[in-house]
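# Structural overview for review
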Amino acid sequence: KPRERWADEACFEVNRERMHVPLRAYESRAAVLGRRLCDELPAGPWLLALTPARWSFSLASKPADAPSVSGPGGFDAAGWGDLQVPCSWEVAGVGSKPVYLNERYPFKLDPPRVPTDERNEVGSYQVSFTLPARWIGRRSYLVLDGLGSAATVWIDGAEVGYSQDSRLPAEFEVTKLVSAEGMSASEHVLSVQVVRYSDGSYLEDQDQWWLSGIQRHCFLYSKPARLAIRDFAVSTTVPPSGATADFSLDVALAGSIVDAAATDTAAAAKAFSESGLAVRASLHGPFRLGRQQDLEAPLPACSEAWAATLAPPTLAEDVDVARLSAVGRPAPGADDADPHHALLDDDAHGLMSLRGCPARARGGATLEAPALWSAEEPNLYSLVVELVAPGSGGEDVLDVETCLVG
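Quick caveat: nothing in here was measured; it's all calculated off a predicted structure. (Residues numbered from 1 in each chain as written. Predicted model: local features only at pLDDT ≥ 70, side-chain atom pairs only at ≥ 80, totals over all residues. Heavy atoms only, no water.)

Here the structure, examined in full by the defined rule, presents four cavities of 30 Å³ or more. Considered as a void within the structure, the second largest cavity measures approximately 100 Å³ in volume. Secondary structure elements with two or more residues in the lining of the second largest cavity: helix 3 (201-204) and strand 13 (208-210). The leading source of residues in the lining of the second largest cavity is strand 13, at three residues. Its residues assigned to classes, the lining of the second largest cavity shows four nonpolar, six polar and three charged. (1 Å grid on protein atoms, 1.4 Å probe; cavity = no way out; pocket = protein on both sides within 12 Å on 5 of 7 lines; lining within 4 Å. Points joined across faces, edges and corners; volume = space filled by probe spheres on them. Helix = DSSP H or I, 4+ residues; strand = E, 2+ residues; numbered from the N terminus. Nonpolar A, V, L, I, M, F, W, Y, C, P; charged D, E, K, R; others polar.)

Glancing now at a nonpolar patch on the surface. Where nonpolar side chains cluster on the molecular surface, the patch consists of Val 91, Tyr 100, Trp 209 and Leu 211 and spans about 410 Å² of accessible area. By the secondary structure assignment, Tyr 100 is in strand 5 (residues 99-101). (Patch = residues over 30% accessible without salt bridge, like charges linked within 9 Å, V, L, I, M, F, W, Y side chains within 5 Å. Areas by Shrake-Rupley, 256 points an atom, 1.4 Å probe, with all protein chains shown as cover. Salt bridge = Lys/Arg side-chain N within 4 Å of Asp/Glu carboxyl O.)

Looking now at unusual backbone geometry. Of note, the amide linkage connecting Gly 148 to Ser 149 takes the cis form, showing an omega dihedral of 5°. Topologically, Ser 149 is positioned in the loop between strand 8 (147-148) and strand 9 (150-155). Cis rather than trans, the peptide bond between Gly 285 and Pro 286 has omega equal to 5°. Relative to the elements of secondary structure, Pro 286 occurs in strand 18 (residues 278-288). One non-glycine residue, Asp 165, lies in the positive phi region at around 105°. Mapped onto the secondary structure, Asp 165 falls in the loop between strand 10 (158-164) and strand 11 (170-173). Take Asp 165: its relative accessible area is 31%, and that puts it in the partly exposed class. (Buried < 20%, exposed > 50% of the residue type's maximum accessible area, 1.4 Å probe, protein only.)

All told, the structure shown has 14 aromatic pairs when counted by the stated rule. Both rings, one in Tyr 197 and one in Trp 210, keep their centres 5.8 Å apart while their planes meet at 75°; by these two values the pair is edge-to-face. Pair noted here: Tyr 197 is in the loop between strand 12 (187-195) and helix 3 and Trp 210 is in strand 13, with a separation of 13 residues, a long-range link. By the burial criterion, Tyr 197 is buried, and Trp 210 matches it. The lysine or arginine in question, Arg 138, covers the ring of Trp 46, its NZ or CZ lying 3.6 Å from the ring centre. Between Arg 230 and the ring centre of Tyr 141, over which it is positioned, the NZ or CZ distance is 4.0 Å. (Phe/Tyr/Trp six-rings, centres within 6.5 Å; stacked < 30°, edge-to-face > 60°. Lys NZ or Arg CZ within 6 Å of the ring centre and 35° of its normal.)

Moving on: the sheet that holds strand 2 (residues 47-49). Strand order in the open sheet formed by four strands is 2-15-7-11, with antiparallel pairing between adjacent strands. Two strands close off the open sheet at either side, each with one partner strand: strand 2 and strand 11. On average, each strand axis in the sheet is inclined to that of its neighbour by 20°, with strand direction left out of account. (Pairing = 2+ DSSP bridges. Axes fitted to C-alpha atoms, helices over the stretch in contact; angles between N-to-C directions.)

With that out of the way, let us pick up the environment of Val 194. By the secondary structure assignment, Val 194 is in strand 12. Each C-alpha atom of the pair Val 194 and Val 122 lies 5.6 Å from the other, and the pair is 72 residues apart in sequence.

A few words now on the sheet that holds strand 9. Taken together, seven strands build an open sheet; the order of strands is 1-10-9-12-6-3-4 and the sheet is antiparallel. Each edge of the open sheet carries a strand with a single partner, namely strand 1 (13-14) and strand 4 (81-85). Pairing geometry for strand 3 (residues 53-60) and strand 4, over five bridges, is antiparallel. Its bridge partner lying in strand 4, Ser 56 is registered against Asp 82.

Further remarks concern the environment of Ile 257. In this fold, Ile 257 is placed in helix 4 (residues 256-259). A sequence separation of 102 residues divides Ile 257 from Ala 359, and the C-alpha atoms of the two residues are 9.3 Å apart. Those residues in contact with Ile 257 that lie beyond four places of it in its chain are Arg 226, Ala 268, Ala 271, Phe 272 and Leu 277. (Contact = heavy atoms within 4.5 Å.)

Take the nonpolar core next. Core analysis: the biggest nonpolar cluster contains 38 residues, and Leu 50, Trp 55, Tyr 125, Phe 129, Leu 190, Val 192 and Ile 214 have the highest contact counts within it. Ignoring any residue separated from it by four or fewer positions in sequence, one finds Leu 50 in contact with Trp 55, Phe 129, Leu 142, Leu 190, Cys 218, Phe 219 and Leu 220. Counting residues in hydrophobic clusters, the runner-up holds 26 residues, among them Phe 272, Ala 281, Tyr 381 and Leu 383. (Core = buried A, V, L, I, M, F, W, Y, C linked by side-chain atoms within 4.5 Å.)

Below, the structure is given as structure tokens:
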């Protein structure tokens, strides 16, 4: 009999996007520079927060008693209670009490097997959402920032995917289910089922509290379909004198232009060269965050320390794009030895190249007299990365992302 996914060490994800920097799909540079760092899910037209909120919830004492999804409505949630999300169900006072252990496991040591009895509770969650009409025709992604310890996800009764790893986000592209071209904005049902213990629990055991459920925020975000920022990596190198700092940036792009390379590399390269699309980057600062009130206020107004338009985006020469499927993953049967987002140190400046991403834009600079970060003087800069295109009024900003740099 095939093992359940949560007890199969060969399966730790299904349809999950590869890990990348946190993406929030900002509308503009002004939105980035005016944000508050305490806002994990900043307000904007391209991000739909599903938490904090109360979701329908049901707890089964063991996997065999967990409900099944039935039809477009997801779970039959009639008679269910509700639970604040994010929150571990033990902390909410539901089911088992929180368990603290140091060197021991909370179950019999017999990898990859985990309990199938009352010790392995299963939490089932459900919530409805409606996408903004502006999202139709764009790519949509669902992010569950923390699930303990394994979860299956459905939208309108159709399985989206499966994820393990309690401390990393689970992200899935859901475009075909909610925002494909020709669809209309309507209400959707998100269903999530979380298993308390999985084979991954063997790797997560440490001096800790064992807590289960949806433990971090959940949200959807929207990206342009043609081309969008999908990942980026920053590297800074400071010589012993501290008088300068070398700054390097590598931006990975994804979209329908990139997808076309899977069938016609030459045509995709031509589309890139003729599109006029460009990646613009800027550093703003320095500033310091040393008090709680600094996190609760908008970022301090800062001057622009550096700005540049990176070299025009190109298809990466070190990737066999014919091996990539339409969603940017290795095609069925492809050798996974070269991961889609493997980070490899590939130049003298320590630039972390997103090898495997079909399209990239790169750039960098040497900053004079930078304000360096230290524990005593935690100076930071805000990096803004923008994807821009020629527009009727000059320039259209298509996509914006950010991170702090020190």
